[in-house]
Number of protein chains: 2
Amino acid sequence: MITGHNLVGGVWESNSNATTYKTVNPKTEEILPSIFEAANASQIDIAIEAAAGSFETFAATSFKTRIAFLKAIQKEIKANSVEILSAFQAESALPEGRANGELQRTLDQIERFVELLEEGSFIQATLNTKGLDLRKMLYPIGPIVVFGASNFPLAFSTAGGDTISALAAGCPVVVKAHPYHAGTSELVAQAIHLAIKQSKVPTEAFSHLGGQSHELGMSLVSHPLVKGVGFTGSFTGGKFLFDLAQQREEPIPFFAEMGSINPVFILENKVKKDTTLPAALASSITLGTGQFCTNPGLIVICDSDPETEFAIHLGEAMESLELEPMVHSKINKKYIQGLNRLKNLKGEIHTHLCSNSVAALGLVSAKYFIEAPNLSEEVFGPYSLIVHCQNIDEMLTVARGLSGQLTATLLSTPEDEQALRVLKPIIQSKAGRILFDGVPTGVAVNQAMQHGGPFPASTDSRFTSVGSDAIYRWLRPLSFQDCPNALLPEALQNENPFELQRRVNGVMTNVRL
Amino acid sequence: MITGHNLVGGVWESNSNATTYKTVNPKTEEILPSIFEAANASQIDIAIEAAAGSFETFAATSFKTRIAFLKAIQKEIKANSVEILSAFQAESALPEGRANGELQRTLDQIERFVELLEEGSFIQATLNTKGLDLRKMLYPIGPIVVFGASNFPLAFSTAGGDTISALAAGCPVVVKAHPYHAGTSELVAQAIHLAIKQSKVPTEAFSHLGGQSHELGMSLVSHPLVKGVGFTGSFTGGKFLFDLAQQREEPIPFFAEMGSINPVFILENKVKKDTTLPAALASSITLGTGQFCTNPGLIVICDSDPETEFAIHLGEAMESLELEPMVHSKINKKYIQGLNRLKNLKGEIHTHLCSNSVAALGLVSAKYFIEAPNLSEEVFGPYSLIVHCQNIDEMLTVARGLSGQLTATLLSTPEDEQALRVLKPIIQSKAGRILFDGVPTGVAVNQAMQHGGPFPASTDSRFTSVGSDAIYRWLRPLSFQDCPNALLPEALQNENPFELQRRVNGVMTNVRL
């Protein structure tokens, strides 16, 4: 049941003096009945101090304990899935299929971290026993703050990849609930709290705080006992909080995935020959009403015909699609503002607004685009800008001018290979994931996935927020020199009790010493 | 031969209009004859643009090419070692043994990266071929600026760990020479330039710029085409440049190792029983005239005797040692200022100045130390502060109050085990390396070494600046989705031409697909 309370250092607190807020169904615009209490300054302090106080104990838990905890989270989310899905749909108006899909993805993500802990080699145990006895492993960095994301009420929020990767690492977590889906967030927090009580992890290691004010997020990021932050959201929000994290007396790792325009480059022969492209791209641009981080916001085509017909075909394909509303009226408003800004650039940029949805398409010459760098800023929503290059040189210039991206897609036929070989190295410096077929929406959660990219796609291209490698954001190497065997963490002990693959004097092995 | 010129984008440039400077022998105070030209703004631009221009080509080089390049650097340094060692000793006044040792360490460090490239698994090739074909590897982040360190003219300077790890990663490097050893730095740069000309690496990928002004470093860190920075030095310098790097329009990874006070905790029974400790600690405190990053600047002892004799014994051990001068008169001046600041705190802190060297020792009660946090600031040089705890509780409070450290040392006897088990988890959150025997000076260069630590010891505790893992500062994951085999980097191709250990569908293997 949604209570509107905050989970403060392992205790659900109701506060009759709290500022309150409600959530809204973005489709019906109905104000939902639950009343949520905003966390106050004292609750923020208590939650973070409790997290910090539990850190040493949590960090020392065995992988077995953490596995049991993560499995209990799965179990508790499943046990309350009907209520969670109902809140999800009420607060986001996302369709049932998406709700079910996102719940399953959330459970699957947890499973990936269970597997990671079961296998154990992520801890990177490295033993040098010749000369000085030096043994290194990864160790959690401390309490982490996780910001729920507006566009993924489950998979990138309360029990999403940020929270679960931090808990798997042994880091306490304080979740800042996204106010657009405060009820969904609270229900998931209840599941995590029920799970933590069944486990040997200290209950203080998980808190859940809500509120609508920016001050809440700012206080969390600024708190001296917080040692890292995970964020998925807009550039404006992410960059603001990143700056705050770097300006602290003790700067801390702040991983923000801030989205990008995910350029799709279509080489000349592909534009001419692949008639399936407009439909495929139209689906990708409008998928989830354009609210995916990997939404293709820029389509760079090479077409020597000055009157390219590609835009017409793509526009037609988009016209035929029906769209759900965006997850919040504020996001919709910002999207419409973005479109209006573009419409005012008449002449140079041709904007096509779909008649039966908010989807839209722009068309601009490469020449103009190259001179107008703000055209490559993201318009978050079901919009894409076609940049028309009349030759490969224009396309290379467009590519060189782009900033960092989560993804870039290079679509070609074998006849385009020469052009592709010139374009590819440029793109390799710009993106975290490069696709050679298909569309960028759809992010597989596995070890070969990279979801992150050079700034401004993310604040640190050396990490990912999707896939099991997301755990490395919260771990640091720690070396033990001449440590008595009994005092070593189990992963580094002679007996190798977990039978881990370890690097022993340079060789990977799972032997005992 | 030292020319005083700058290496700008692969070309040695002389500039008759340049601002010039000279180096000084810190022992004799003799001004050395070479005249060095400071790099100007245009040379900075050219060097960085050349680095950026060479990036895609360098990034695409095979491991074999990079191995040949690194081996050529070793060869060229060896070929000119007499001149390099002579400049090293003239500019640093460090003794011959240290000069030879540091040269050998520099060559050994290069060898570690040769081995890393030969083995190849550091690239973390990860292939998922079921469902979407997704293949990930690490890819260089772009041009790196390396600051030479004053206290290691070879091992942490021009061909030191920062430069070599970046070159091994496939990142172009622009070295900012340390002005205290500009001649040594230039000679090493000459060796690297000779090596790059023999290799298939673009000559533009290595530049070497000198100058005394802070503006040089600031311009390099601020340049939009620079993608990362390696720095070893003081907190003041490192933090200033770190802030600059984070305030850029595009923030970049800035790894600074800024030293620390490397606390040594000595538990009650160890203080009483181990009579060898004063001599061992005296050597460590004064080693290299106290100019090592891991110099023990804080010794926290547990001794229930209010009149502890430990300070007397340590003072006596330090008296007997003769010290070389510090590497520069400015560093010496700053050290003396630091000591004077402490001497003025009479009454609360007892300061013992050695009569036959600049070494010094302080003694303070834990009670006073806990209330005076600025006492835990580093005094760079052959100085250590003894904090006298009368019981383990005081020691735990001292430990909890400390900020991040490169190392912490816990010395105990088996009778101290109970106290040690309480102290250890606190220390695990504070340090990058924990020693249970010996002294913190002396940093083995191997894969189990961690040289870095929670802020302010370094700017990012998730990385190291010593050991082959130092390469991960300059690499980011890059995923290829549905990429034609022929277009993939060799490390990800079906044929596995390098026979790398790769993670294929979750399993480590070196098979071909």
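Residues numbered from 1 in each chain as written. Chains lettered and ligands numbered in written order. Predicted model: local features only at pLDDT ≥ 70, side-chain atom pairs only at ≥ 80, totals over all residues.

Undergrad: Sorry, what's going on with the pairing of strand 16 (residues 383-389) of chain B here?
TA: Along any regular strand, the residues point their side chains to alternate faces of the sheet. All names here are of chain B. Most of strand 16 is tucked away: seven of the seven residues are buried. Here strand 16 shows a buried face lined by Tyr383, Leu385, Val387 and Cys389 and a second buried face lined by Ser384, Ile386 and His388. Across five bridges, the pairing between strand 13 (residues 298-302) and strand 16 is parallel. Looking across to strand 16, one finds that leucine 298 is bridged to leucine 385. By the bridge criterion, six bridges tie strand 15 (residues 360-365) to strand 16 in an arrangement that is parallel. (Buried ≥ 20, exposed ≤ 12 C-beta atoms within 10 Å, placed from the backbone. Helix = DSSP H or I, 4+ residues; strand = E, 2+ residues; numbered from the N terminus. Pairing = 2+ DSSP bridges.)

Undergrad: What is the right way to look at helix 5 (residues 161-169) of chain A in this model?
TA: Helical geometry note: an α-helix holds 3.6 residues per turn, so side chains three or four residues apart project in the same direction. A large share of helix 5 of chain A lies buried, amounting to nine of its nine residues. Glycine 170 of chain A sits one or two positions beyond helix 5 of chain A and adopts a positive phi of about 100 degrees.

Undergrad: Honestly, the sheet that holds strand 6 (residues 134-140) of chain A in this entry has me stumped. Any pointers?
TA: Note on sheets: strands pair through backbone hydrogen bonds, and any given pair is parallel or antiparallel. Within the open sheet, the 12 strands sit side by side as 21(A)-20(A)-5(A)-6(A)-19(A)-18(B)-17(B)-12(B)-13(B)-16(B)-15(B)-14(B). Their pairing is mixed. Every other strand in the sheet has two partners, leaving strand 21 (507-509) of chain A together with strand 14 (349-353) of chain B as the edge strands with one partner each. Sheet twist, expressed as the average angle between the axes of neighbouring strands with direction ignored, equals 20 degrees. Bridge count for strand 12 (residues 264-266) of chain B against strand 17 (residues 405-411) of chain B is three bridges, and the pairing is parallel. In the sheet register, isoleucine 266 of chain B faces strand 17 of chain B, and the bridge partner there is leucine 411 of chain B. Against the sheet, helix 11 (residues 310-319) of chain B contacts strand 13, strand 14, strand 15 and strand 16 of chain B, and its axis sits at roughly 175 degrees relative to strand 15 of chain B. The sheet strands contacting helix 12 (residues 329-343) of chain B are strand 14, strand 15 and strand 16 of chain B, and the helix crosses strand 14 of chain B at an angle near 140 degrees. (Axes fitted to C-alpha atoms, helices over the stretch in contact; angles between N-to-C directions. Contact = placed C-beta atoms within 7 Å.)

Undergrad: How should I be thinking about the pairing of strand 6 (residues 134-140) of chain B in this particular structure?
TA: Residues and elements named next belong to chain B. In terms of burial, strand 6 is a largely internal element, seven of the seven residues being buried. Looking at chain direction, strand 6 and strand 19 (residues 475-481) are connected through seven bridges and run antiparallel. For leucine 138, the partnering residue across the bridge sits in strand 19 and is proline 477.

Undergrad: Looking at this structure, I do not really get the confidence of the model for chain A. What am I missing?
TA: Detailed conclusions should not be drawn from predicted coordinates in areas where pLDDT is low. Scored by pLDDT, chain A has a mean of 95; 100% of the residues are at 70 or more. The ipTM assigned to the predicted complex is 0.96, against a pTM of 0.96. (pLDDT = per-residue confidence, 0-100.)

Undergrad: What is the right way to look at the relation of the copies chain A and chain B in this model?
TA: Each of the two copies of the chain can be brought onto the other by a rotation about an axis and a shift along it. Of the transformation placing chain A onto chain B, the axial shift is 0.0 Å and the rotation is 180 degrees, giving an RMSD of 0.0 Å. Interpreted geometrically, this transformation is the action of a two-fold axis. Minimal C-alpha separation from the rotation axis in chain A is found for glutamine 246 of chain A, amounting to 3.5 Å. (Least-squares fit on C-alpha atoms with pLDDT ≥ 70 in both.)

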